[in-house]
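Okay, here's what each chain looks like letter by letter:
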Amino acid sequence: MMFMINNKQNYLKSIMTDLAFTPLKLLANTAEDLSILSTQLQDGLLSLTSLEYDSENKRVTGLVNRFCWEHAHEHKHLGTYYRVHSGFCIHHVESMHLQGFHQASKQRLFNLLSLSISEDLILTMVCSGNHSVKLKLTDLYFQLADLDQPWPTPNKPKHLHEHLEELDQRIA
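Calculation criteria
- Residue indices follow the written sequence of each chain, beginning from 1 at its first position.
- Where totals are concerned, whole chains, interfaces and linings use all residues; where local detail is concerned, this predicted model gives features only for residues with pLDDT of at least 70, and gives and counts side-chain atom pairs only at 80 or more.
- Side-chain descriptors were evaluated using all non-hydrogen atoms of the structure, hydrogens and water having been removed beforehand.
- Ring geometry is summarised as follows: Phe, Tyr and Trp rings, the Trp one being its six-membered ring, pair when their centres sit within 6.5 Å, and such pairs are stacked at plane angles under 30 degrees, edge-to-face over 60 and tilted between the two.
- Think of it this way: any DSSP run of H or I at least four residues long counts as a helix, any run of E at least two long counts as a strand, and we number them from the N terminus.
- Relative accessibility thresholds used throughout: buried, under 20% of the residue-type maximum; exposed, over 50%; partly exposed, between the two (1.4 Å probe, protein chains only).
- Residues enter a nonpolar core if they are buried and are Ala, Val, Leu, Ile, Met, Phe, Trp, Tyr or Cys, with the set joined through side-chain atoms within 4.5 Å.
- For this analysis, residues touch if any pair of their heavy atoms sits within 4.5 Å.
- Here the arc refers to the directions that run from the helix axis out to each C-beta atom.

Colleague: Before we move on, can you summarise the packing of aromatic side chains with the specific residues and values?
Modeller: For the structure on display, the rule yields four aromatic pairs. Ring centres of phenylalanine 67 and tyrosine 81 lie 6.1 Å apart, and the angle between their planes is 40°; on these two criteria the pair is classed as tilted. With phenylalanine 67 in strand S4 (residues 59-67) and tyrosine 81 in strand S5 (residues 81-91), this residue pair connects regions lying 14 residues apart in the sequence. Exposure class is identical for phenylalanine 67 and tyrosine 81. Each is buried. Three or more aromatic residues joined by ring pairs make a cluster, and in this case those are Phe67, Trp69 and Tyr81.

Colleague: Talk me through the nonpolar core; I want residue IDs and the actual numbers.
Modeller: Residues Phe88, Ile90, Leu115, Leu123, Met125, Leu135 and Phe142 are the most contacted members of the largest nonpolar core, which totals 25 residues. Breaking this core down by element, the ones donating at least two residues are helix H2 (31-41), S4, S5, strand S7 (109-117), strand S8 (122-127), strand S9 (131-137) and strand S10 (142-146). Apart from the residues within four sequence positions on either side, leucine 135 is in contact with Val60, Ile90, Val93, Ser95, Met96, Leu121, Ile122 and Leu123.

Colleague: Please set out H2 residue by residue, giving values where relevant.
Modeller: Buried within H2 we find Leu34, Leu37, Ser38, Gln40 and Leu41. Taken end-on, H2 shows its buried residues confined to a sector of 160°, consistent with a single buried face. Considering only its buried residues, H2 is in contact with strand S1 (25-28), strand S2 (44-47), S4, S7, S8 and S10. Aspartate 43 sits one or two residues past H2 and shows a positive phi near 70°.

None of this, on its own, says anything about what the molecule does.
And the structure:
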């Protein structure tokens, strides 16, 4: 059995060496920039315990287990995808409001669905299950950076249209 585990580990290492990974370092200071960040963070796992609001320095920091959409096609034929730990810092934050989160709940990881910003500078981080983080900003300055090397995963996030297509195929 150990032989198989070692072979799997060697196989995963060989896949990782084939991956041309350049850590993301992105900055959003316009709504258009934020939509690009939103795409990169879609289906990331947001750690609620990592979310920190520093009211004195007017910033929010946090960690996301990010799905690497930019590499989703590279080893698709092998059923291998990638995730990476990423950190973010949002500056110029006047206030932070959590909606739908309950202290009594044991859930601490939330699927990040999208980021958006309104004309009155309310940045909304929408998570699955009717959860959201709303930040009142005086200016948009959102930094995102990968913190580590990606690791392989067999799981690719599925969206509603993919579930519906799969259901249609089963019915047909």
